[in-house]
Amino acid sequence: QVQVVDSGGGLVQAGGSLRLSCVASGPRFSIDGMGWYRQGPGKQRELVAGMSRGGSTRYAESVKGRFAISRDNNKNTAYLQMNDLKLEDTAVYFCDAGVRGTDYWGQGTQVTVSS
């Protein structure tokens, strides 16, 4: 059983920064893709950033140039550095770890950006 724990959210003023962390424990096999998703009030969950095991990345257009995903394959961890945060970045952020075609999700961490 794979457990994913994400953390690092909080309240920040617009223009500020936060760093989210994610750790996956218990995988019997290597973790393939890791990613960050978010779900804002009244919105569907959307991909924010993803990274393959080999290091390829993809970002939502709205966060390009402001957010950066990184991961440590040896530690089964992923991070999301968020800079120049905007009000519209307010959401619950979820970490996802893919193992042999199955997605494992963290419990979510709240990010609130205030004016």
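*Asks:* Could you clarify how one ought to interpret the pattern of salt bridges in this entry?
*Replies:* For side chains of opposite charge, pairing can occur when their charged atoms come near one another. Applying the stated criterion across every chain yields a total of 5 salt bridges. Two residues, Arg 38 and Asp 89, come together in a salt bridge whose shortest N-O distance is 2.9 Å. Note that Arg 38 is positioned in strand 4 (residues 34-39) and Asp 89 in the loop between strand 8 (77-82) and strand 9 (91-99), a separation of 51 residues in sequence. Judged by its relative accessible area of 6%, Arg 38 falls in the buried class. Look at Asp 89 and you get buried, because its relative accessible area is 0%. Residue Arg 66 is joined to Asp 89 by a salt bridge in which the shortest nitrogen-to-oxygen separation is 2.8 Å. Here Arg 66 is found in the loop between strand 6 (57-59) and strand 7 (67-72), whereas its partner Asp 89 is found in the loop between strand 8 and strand 9, with 23 residues between them in sequence. Like Asp 89, Arg 66 is buried. Connected via shared salt-bridge partners are Arg 38, Glu 46, Arg 66 and Asp 89.

*Asks:* Hey, could you run me through the environment of Val 23 in this one?
*Replies:* Its location among the elements puts Val 23 in strand 3 (residues 18-25). When the C-alpha positions of Val 23 and Ser 7 are compared, they lie 9.0 Å apart, and in sequence the two are 16 residues distant.

*Asks:* Whenever I open this one, unusual backbone geometry confuses me. Can you help?
*Replies:* Peptide bonds are mostly trans, and most non-glycine residues show a negative phi. Here the phi dihedral of Asn 76 falls at roughly 55 degrees; this positive angle occurs in a residue that is not glycine. Its location among the elements puts Asn 76 in the loop between strand 7 and strand 8. In this model, Asp 84 sits at a positive phi of 50 degrees, which is unusual for a non-glycine residue. One can find Asp 84 in the loop between strand 8 and strand 9. For Asp 84, a relative accessible area of 39% corresponds to the partly exposed category.

Basis of the calculations
Residues numbered from 1 in each chain as written. Predicted model: local features only at pLDDT ≥ 70, side-chain atom pairs only at ≥ 80, totals over all residues. Heavy atoms only, no water. Salt bridge = Lys/Arg side-chain N within 4 Å of Asp/Glu carboxyl O. Helix = DSSP H or I, 4+ residues; strand = E, 2+ residues; numbered from the N terminus. Buried < 20%, exposed > 50% of the residue type's maximum accessible area, 1.4 Å probe, protein only.

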